[in-house]
Amino acid sequence: MKNLFKISAFSLLLLVSVQISAQTYLIKGGLNLSKFRISDTIDIYDNSNLNPGFHIGGSVIFPIHKALSLDLGLQFTTKGMREEFDEEFDGMSMSGKFSATLYYMEVPVKLRLTRNFDQISVYGAFGPYVGLGLVGNIKSEFSFMGETISSSEKIEFDNDGLNRLDGGLVFEAGIEYQKFLVGLNYTMGLLDIGDKTTNHVYGLSLGYKLGS
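Here the structure is a predicted model, which is why all the values come from computation and not from measurement.

1. Details of the overall build of the protein
Here comes step 1: The helix and strand tally for the protein stands at 1 helix and 10 strands.
Here comes step 2: By residue count, 41% of the 212 residues in the protein fall in the buried class.
Here comes step 3: Counting every atom, the protein has about 12,000 Å² of accessible surface; 62% of that belongs to carbon and sulfur.

Structure below.
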């Protein structure tokens, strides 16, 4: 994991240094659907529903060899989880919902392979990422026998049992038409952000390429 952090941190410096000579810039944003995953000594299991959010950012893409290129990015993104329940005990109904939303600044470093078909291109990308938690919030709502209690509070990284540093792997695939891009991605957290918990995010991106 230390090597993962070093590679991603170095890419941020490289992102700045290569902007002058890079051939292509990409701006993109889109939908996030995130969840937490908790691991124990026996297995790995999901413990949350998908929490909607967003991501927005950009990257610099420069060629390495033929169809292979390096995609160095920087984005603002949401992660987190959502839980809902609705149960009945002895004729009494009880329901509630709980959500945690975390905001990160993230640096993905991806190798990108592109195949051209006339005016349409298909691409796949893979690589590590490192993220830094900025802020977060928890919202809950509990209803019992006609009474509803709601609450909202701010999350303090490193003080509420959550580690600020996040990191893992990014998988992405999509299509390009002229300067427009549509992509699907999956961010798999590998660093423990607290209590054996990792971030996992499914995303849909829309992008626009600047430059050649």
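On we go from here.
2. Some words on the packing of aromatic side chains
Here comes step 1: Under the counting rule described, the total for this entry stands at 7 aromatic pairs.
Here comes step 2: Between phenylalanine 126 and phenylalanine 171 the ring centres are 5.2 Å apart and the planes differ by 40°, which places this aromatic pair in the tilted class. Of this pair, phenylalanine 126 sits in strand 6 (residues 120–144) while phenylalanine 171 sits in strand 8 (residues 165–177), and the two are 45 residues apart along the sequence.
Here comes step 3: Note that lysine 79 overlies the ring of tyrosine 104, its terminal NZ or CZ placed 5.0 Å from the centroid.
Here comes step 4: Its guanidinium or amino end placed over the ring of tyrosine 123, arginine 112 lies 4.0 Å from that ring's centre, counting from NZ or CZ.

3. Section: the pattern of salt bridges
Here comes step 1: This model, assessed by the stated rule, comprises 11 salt bridges.
Here comes step 2: When the shortest N-O distance is used, the salt bridge between arginine 82 and glutamate 84 registers 2.9 Å.
Here comes step 3: With a relative accessible area of 26%, arginine 82 lands in the partly exposed category.
Here comes step 4: A relative accessible area of 47% means that glutamate 84 is categorised as partly exposed.
Here comes step 5: Salt-bridge contacts for glutamate 172 lead to lysine 110; the nearest nitrogen and oxygen are separated by 2.6 Å.

Rules used throughout
Residues numbered from 1 in each chain as written. Predicted model: local features only at pLDDT ≥ 70, side-chain atom pairs only at ≥ 80, totals over all residues. Heavy atoms only, no water. Helix = DSSP H or I, 4+ residues; strand = E, 2+ residues; numbered from the N terminus. Buried < 20%, exposed > 50% of the residue type's maximum accessible area, 1.4 Å probe, protein only. Areas by Shrake-Rupley, 256 points an atom, 1.4 Å probe, with all protein chains shown as cover. Phe/Tyr/Trp six-rings, centres within 6.5 Å; stacked < 30°, edge-to-face > 60°. Lys NZ or Arg CZ within 6 Å of the ring centre and 35° of its normal. Salt bridge = Lys/Arg side-chain N within 4 Å of Asp/Glu carboxyl O.

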